Amino acid sequence: SGSFHVDHSGPRVVAQSPDGNAPFNQIDLSFDEALDPITVTTADIAGFTDPNGNDLRGQITGVSVVNGNILRVSFNNQYAEGDYTLVLSPTLTDAVGNLMNQDGDAFMGEPEDAFSGQFLQELPDLAVVLSVSPSQAVAWQTAAVRWTVRNDGLAAAQRTWSDRLYLSADAV
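Residues numbered from 1 in each chain as written. Predicted model: local features only at pLDDT ≥ 70, side-chain atom pairs only at ≥ 80, totals over all residues. Heavy atoms only, no water.

Caption draft 1: Quick peek at the packing of aromatic side chains. In this structure the tally under the stated criterion is three aromatic pairs. A centroid spacing of 5.4 Å and a plane angle of 85 degrees characterise the contact between Phe24 and Phe75, whose relative ring orientation is edge-to-face. Within this pair, whereas Phe24 is found in strand β3 (residues 24–31), its partner Phe75 is found in strand β6 (residues 70–78), the two being separated by 51 residues in sequence. Between Phe48 and Phe75, the ring centres sit 4.8 Å apart and the planes meet at 50 degrees, which makes this aromatic pair tilted. Residue Phe48 is found in strand β4 (residues 45–49), and its partner Phe75 is found in strand β6; the two are separated by 27 residues along the sequence. Of the two residues, Phe48 and Phe75, neither departs from the other in class, the shared state being buried. (Phe/Tyr/Trp six-rings, centres within 6.5 Å; stacked < 30°, edge-to-face > 60°. Helix = DSSP H or I, 4+ residues; strand = E, 2+ residues; numbered from the N terminus. Buried < 20%, exposed > 50% of the residue type's maximum accessible area, 1.4 Å probe, protein only.)

Caption draft 2: How the structure looks around the sheet that holds strand β1 (residues 13–17). The sheet built from four strands is open, its strands ordered β1-β3-β6-β5 with antiparallel pairing. Both edges of this open sheet fall to β1 and β5 (60–66), since each of them pairs with a single strand only. The sheet shows a mean angle of 20 degrees between the axes of neighbouring strands, direction not considered. Where β5 and β6 come together, six bridges link them in antiparallel fashion. Looking at the pairing, Val63 lines up with Val73 of β6. (Pairing = 2+ DSSP bridges. Axes fitted to C-alpha atoms, helices over the stretch in contact; angles between N-to-C directions.)

Caption draft 3: Representation of the pairing of β3 in the model. In the sheet, β1 pairs with β3 via four bridges, with the strands oriented antiparallel. Bridging across to β3, Ala15 finds its partner in Ser30. Of the pairings in the sheet, the one linking β3 to β6 comprises six bridges and is antiparallel in character. Across the sheet, Ile27 pairs through a bridge with Val73, a residue of β6.

Caption draft 4: Structural view of the pattern of salt bridges. Within this structure, the stated rule accounts for two salt bridges. Of the charged contacts in the structure, one is a salt bridge between Asp28 and Arg72, with a shortest N-O distance of 2.7 Å. Taken together, the positions of Asp28 in strand β3 and Arg72 in strand β6 put the pair 44 residues apart, joining distant regions of the chain. Residue Arg72 is classed as partly exposed on the basis of its relative accessible area of 23%. Its salt-bridge partner being Asp55, residue Arg57 comes within 2.8 Å of it at the nearest N-O pair. Judged by relative accessible area, Arg57 falls into the partly exposed class, the value being 38%. (Salt bridge = Lys/Arg side-chain N within 4 Å of Asp/Glu carboxyl O.)

Caption draft 5: Layout of the side chain of Gln121. As for its placement among the helices and strands, Gln121 is situated in strand β8 (residues 115–122). For Gln121, a relative accessible area of 1% gives the class buried. Within the local environment of Gln121, its side chain forms a polar contact with the backbone nitrogen of Phe24, the two atoms lying 3.4 Å apart. Only 2.8 Å separates the side chain of Gln121 from the backbone oxygen of Ala80, close enough to count as a polar contact. (Polar contact = N/O pair within 3.5 Å; in protein donor to acceptor, adjacent residues only side chain to side chain.)

Caption draft 6: Just a nonpolar patch on the surface, in detail. On the surface, a nonpolar cluster with roughly 700 Å² of combined accessible area is contributed by Leu126, Val128, Trp147, Val149, Trp161, Leu165 and Leu167. Sorting the residues of the nonpolar patch by element identifies β9 (126–132) and β10 (146–151) as the ones contributing at least two each. Structurally, Trp161 is set in the segment after β10. (Patch = residues over 30% accessible without salt bridge, like charges linked within 9 Å, V, L, I, M, F, W, Y side chains within 5 Å. Areas by Shrake-Rupley, 256 points an atom, 1.4 Å probe, with all protein chains shown as cover.)

In structure tokens form, the structure reads like this:
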């Protein structure tokens, strides 16, 4: 004797990542069940746009299934701040061949079963807010210059950076 389960439901996206700091170059979509990796192609990405509405599908470098139930969409580094939108076609199937059923109704693979997700990318924006320097300097002599930098962006500065000082004969 034994038991078995007949799968009559299509896969649904239940989580997405990333939201966060630049640059980002992949999006993971977690499904509620295993996908059939053989059916996954870049053609399953029905839309991918940046915060300005530019079509980024040509930037996609690969689509793969990770750990059975995660669809990973890889693409060239993206640096623009704002909301990115990814639309997944409802043609993906689970391990037994059921089409996506994002809306959870009795019908799988319908246009309304497509998944659309937004991904927010936040960036740091470093700005000099205070600088102290002498009004004059003598060539080949040390001049003390200090400045304070503030992050006006939405994300923390994750890496170290270097500052450059430009000396000018005018007010620029």
